[in-house]
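Structural overview for review
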Amino acid sequence: MIRVLIADDHAVVRQGLRTFLDLQADIDVVGEAADGEEAVAAAAEHAPDVILLDLVMPRLDGIGALRRLRDVAPGVRVIVLTSFGEDERLFTALRAGASGYLLKDVEPAELVRSIRTVHDGGAPLSPAVAARVVEELASGGGAGRAAADDLTPRELEVLCLIARGRSNKRIALELGVAEKTVKTHVSHVLAKLGLSDRTQAALYAVREGLVSGSGT
């Protein structure tokens, strides 16, 4: 079961998400929060695997919650689910540790797929959001990191598979190695490139032309 926490200041949004997610056999909604402070407290109490997090909330906003969650629940994967796709919010959220960024017009089935993807180590982004991030990186917004030449051939292979949205389990199957070995490779890739998470690694690979932006 994937344990999910919903954080949004609108009760009707929380109820709608819970009602739909409760229909999924592999998802368990373990809690709700109406603001960032409640989200951080609920994460500490319920130990969710995935948090759906709105950005605009009272007391503590989504960005503030993301920063606090890194200390309170470092293993949790956070999908920002918001109405706002402008650059400032988007890039601030990704830098603060968001694992995914979806707009609230996302189809329900796509939201469920994204929860499963992020739980498997992927980094779901709404198409419009992904396009903006790739444009920013292509224009030099992510420059200054070490070159991919620092990676071993196996690490480069793992990086390309991350960029194609593969989970650690899937990468292990494709390469014929243990999942623990893949986790080690991922850690080495992030460390060598000066990146903080898989989302940044995937976008780095696209920017450097290691894979196409189509995700195929």
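Described in the following lines is the structure provided in the data block. (Residues numbered from 1 in each chain as written. Predicted model: local features only at pLDDT ≥ 70, side-chain atom pairs only at ≥ 80, totals over all residues. Heavy atoms only, no water.)

**Considering the overall build of the protein**
For the protein, the helix and strand inventory stands at 10 helices and five strands. Taken over 216 residues, the protein has a buried fraction of 48%. Nonlocal contacts in the protein, meaning residues at least 24 apart in sequence, comprise 66% of its contacts between residues at least 6 apart. (Helix = DSSP H or I, 4+ residues; strand = E, 2+ residues; numbered from the N terminus. Buried < 20%, exposed > 50% of the residue type's maximum accessible area, 1.4 Å probe, protein only. Contact = heavy atoms within 4.5 Å.)

**Overview of the pairing of strand 1 (residues 2-7)**
The side chains of a regular strand alternate between both faces of the sheet. Strand 1 sits mainly inside the fold: five of its six residues count as buried. In the sheet, strand 1 pairs with strand 2 (residues 27-33) via six bridges, with the strands oriented parallel. Looking across to strand 2, one finds that I2 is bridged to I27. As a crossover connection, the stretch from strand 1 through helix 1 (residues 11-21) into strand 2 is right-handed. Two strands pair when backbone bridges link them, and strand 1 and strand 3 (residues 50-53) are joined in this way by four bridges, in the parallel orientation. Paired with A7 across the two strands is L53, which belongs to strand 3. (Pairing = 2+ DSSP bridges. Right-handed = clockwise from strand over helix to strand, strands pointing away.)

**Here's the deal with the sheet that holds strand 4 (residues 77-82)**
With respect to topology, five strands assemble into an open sheet ordered 2-1-3-4-5, the strand pairing being parallel. Two strands lie at the open edges of the sheet, namely strand 2 and strand 5 (100-103), each paired on one side alone. Across the sheet, the axes of successive neighbouring strands diverge by a mean angle of 20°, strand direction being ignored. Two strands pair when backbone bridges link them, and strand 4 and strand 5 are joined in this way by four bridges, in the parallel orientation. Within strand 5, the position partnered with T82 by the bridge is L103. Contacts between helix 1 and the sheet are confined to strand 1, strand 2, strand 3 and strand 4, with strand 2 contributing the most and set at about 165° to the helix. (Axes fitted to C-alpha atoms, helices over the stretch in contact; angles between N-to-C directions.)

**Considerations on the nonpolar core**
By size, the foremost hydrophobic cluster in this structure holds 32 residues, and its most contacted members are I51, L53, L66, A93 and Y101. Residue assignment for this core shows that the elements contributing at least two residues are strand 1, helix 2 (36-46), strand 3, helix 3 (62-72), strand 4, helix 4 (87-96), strand 5 and helix 6 (127-138). Considering each element in turn, this core owes the most residues, five residues, to helix 4. Those residues in contact with I51, other than ones at most four positions away along the chain, are L5, A43, L69, V76, R77, V78 and I79. Of all hydrophobic cores here, the second largest spans 19 residues; its members include L151, V158, I162 and V189. (Core = buried A, V, L, I, M, F, W, Y, C linked by side-chain atoms within 4.5 Å.)

**Digging into the packing of helix 7 (residues 153-163) against helix 9 (residues 179-193)**
Contact geometry of helix 7 with helix 9 gives a least axis separation of 9 Å together with a crossing angle of 95°. Considered as vectors, helix 7 and helix 9 are oriented roughly perpendicular to each other. Counting all contacts with helix 7, which are made through R154, E155, V158, L159 and I162, the residues of helix 9 involved are H185, V186, H188, V189, K192 and L193. Taken together, the residues that form the contact of helix 7 with helix 9 break down as six nonpolar, two polar and three charged. (Parallel < 35°, antiparallel > 145°, perpendicular 65-115°, else oblique. Nonpolar A, V, L, I, M, F, W, Y, C, P; charged D, E, K, R; others polar.)

**Some thoughts on helix 1**
Within an α-helix, residues lying three or four positions from one another point in the same direction, as the helix has 3.6 residues per turn. Every buried residue of helix 1 is listed here: R14, L17 and L21. Taken around the axis of helix 1, the buried residues stretch over an arc of 70°, which confines them to a single face. Taken together, the buried residues of helix 1 touch strand 1, strand 2, strand 3, strand 4 and helix 5 (108-119). (Arc of directions from axis to C-beta.)

**Details of the side chain of E155**
The residue E155 is located in helix 7 in this model. Looking at E155, the relative accessible area reads 4%, which means it is buried. A polar contact of 2.8 Å, which involves the side chain of E155, links it to the side chain of K192. (Polar contact = N/O pair within 3.5 Å; in protein donor to acceptor, adjacent residues only side chain to side chain.)

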